[in-house]
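Each chain is listed here by its residues.
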Amino acid sequence: MQIKVLIVEDEPLIASDIEFTLNEAGYNVIGISHSCLKAMDMVNNRKPDIVLLDISIKGEKNGIDIGENLKKNYNIPFIYITSYADKTTLELAKATLPYGYIVKPFKDRDIISSIEMAMFRYNSEQAPNFPLIETINNYISEHLTQREYQLAKMVWEGKTNNTIAEELYLSINTVKTHLKNLFTKINVTSRSESIAFLRKIH
């Protein structure tokens, strides 16, 4: 049910801090990579929904090289995280069309809000308009409630369970129950599958 995030960061303390922040926010960190080779291996085998990329990882290839590969060959959104904000680096990064750019040092909320915005932009690009509830209900036997439809749209926008709970003034358990019902009705088992379903019927 969680959005799968791959962290590519060669500073262990920073990587661990990001992982902790994401886990607390309800994301699923599927791995931490310290090199380009390992990062691409994880992309192929673990299929992340989004990648957080440190630009200056050690090795022959850097984060910008990974970003270019993700854009050309995988259609996976990525966000750069870097301590380098000079014009040359920024221009090279911009050319790969990232879904965000966070400069160190950053606050925990910067990471969360950047992922939410990136996932919303990515899903909007795949299918520009979120389908109407009537459209969704035409494809399923048991119709969605208005609340389930509302949560489907928030999942589409990349929002975590915690964010959904805060915005709708619900408990985490209530959100999980609604999502479980939603996934059952549209016959999927995860956020990624639900988004794929919604794109397909658009």
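Read on for a plain summary of the structure. (Residues numbered from 1 in each chain as written. Predicted model: local features only at pLDDT ≥ 70, side-chain atom pairs only at ≥ 80, totals over all residues. Heavy atoms only, no water.)

What the five strands build is an open sheet, ordered β2-β1-β3-β4-β5; its pairing is parallel. The open sheet has two edge strands with one neighbour each: β2 (28–33) and β5 (101–103). When the angles between neighbouring strand axes are averaged without regard to direction, this sheet yields 20°. Pairing of strand β1 (residues 4–8) with strand β3 (residues 50–54), which is carried by four bridges, proceeds in the parallel orientation. (Pairing = 2+ DSSP bridges. Helix = DSSP H or I, 4+ residues; strand = E, 2+ residues; numbered from the N terminus. Axes fitted to C-alpha atoms, helices over the stretch in contact; angles between N-to-C directions.)

Attention shifts here to the nonpolar core. Membership of the largest hydrophobic core comes to 25 residues, with the highest contact counts inside it found for Phe130, Ile136, Leu144, Leu182, Ile186, Phe197 and Leu198. Residue assignment for this core shows that the elements contributing at least two residues are α6 (133–137), α7 (146–156), α8 (161–168), α9 (172–185) and α10 (191–201). Among the elements that take part in this core, α7 stands out by supplying six residues, more than any other. For Ile136, the residues in contact, after removing those within four places along its chain, are Phe130, Pro131, Leu144, Tyr149, Ile186, Phe197, Leu198 and Ile201. Of all hydrophobic cores here, the second largest spans 22 residues; its members include Ile3, Ala15, Leu22 and Ile81. (Core = buried A, V, L, I, M, F, W, Y, C linked by side-chain atoms within 4.5 Å. Buried < 20%, exposed > 50% of the residue type's maximum accessible area, 1.4 Å probe, protein only. Contact = heavy atoms within 4.5 Å.)

Mapped onto the elements, Ile195 comes out in helix α10. In the structure, Ile195 is positioned 59 residues away from Ile136 in sequence and 12 Å away in space, judged by C-alpha atoms. With sequence-adjacent residues up to four places away left out, Ile195 is seen in contact with Asn123, Val155 and Trp156.

As a further point, take the environment of Leu132. Relative to the assigned elements, Leu132 resides in the loop between α5 (108–126) and α6. Counting along the chain gives 21 residues from Leu132 to Lys153, while the straight-line C-alpha distance between them is 9.8 Å.

The buried count for β3 comes to five of five residues, which makes it a mostly enclosed element. The alternating pattern of β3 places Ile50, Leu52 and Asp54 and Val51 and Leu53 on opposite faces, both of which are buried. Where β3 and strand β4 (residues 78–82) come together, four bridges link them in parallel fashion. Bridge assignment links Val51 to a residue of β4, and that residue is Phe78. The parallel pair β3 and β4, bridged by helix α3 (residues 63–74), forms a crossover whose chirality is right-handed. (Right-handed = clockwise from strand over helix to strand, strands pointing away.)

At a minimum axis separation of 9 Å, α8 and α9 run at an interaxial angle of 110°. With respect to α9, the element α8 is oriented roughly perpendicular. Within the contact between the two elements, α8 uses Asn161, Asn162, Ile164 and Ala165 and α9 uses Ile172, Val175, Lys176 and Leu179. Here the residues of the contact of α8 with α9 are counted per class, giving five nonpolar, two polar and one charged. (Parallel < 35°, antiparallel > 145°, perpendicular 65-115°, else oblique. Nonpolar A, V, L, I, M, F, W, Y, C, P; charged D, E, K, R; others polar.)

All right, on to the side chain of Lys104 then. Summarising the element assignment, Lys104 is placed in the loop between β5 and α5. Exposure remark for Lys104: the relative accessible area of 15% places this residue in the buried category. At 3.1 Å, the side chain of Lys104 and the side chain of Glu9 are in polar contact. When neighbours within four sequence positions are excluded, Lys104 is seen to be in contact with Glu9, Glu11, Ile14, Asp54, Ile81, Thr82 and Ser83. (Polar contact = N/O pair within 3.5 Å; in protein donor to acceptor, adjacent residues only side chain to side chain.)

The next subject is the pairing of β4. For β4, the tally of buried residues reaches five of five residues, placing the bulk of the element in the interior. Of the two faces of β4, the one carrying Phe78, Tyr80 and Thr82 and the one carrying Ile79 and Ile81 are both buried. Relative to β5, β4 is paired through three bridges, and the arrangement is parallel. Residue pairing across strands places Tyr80 opposite Tyr101, the latter belonging to β5.

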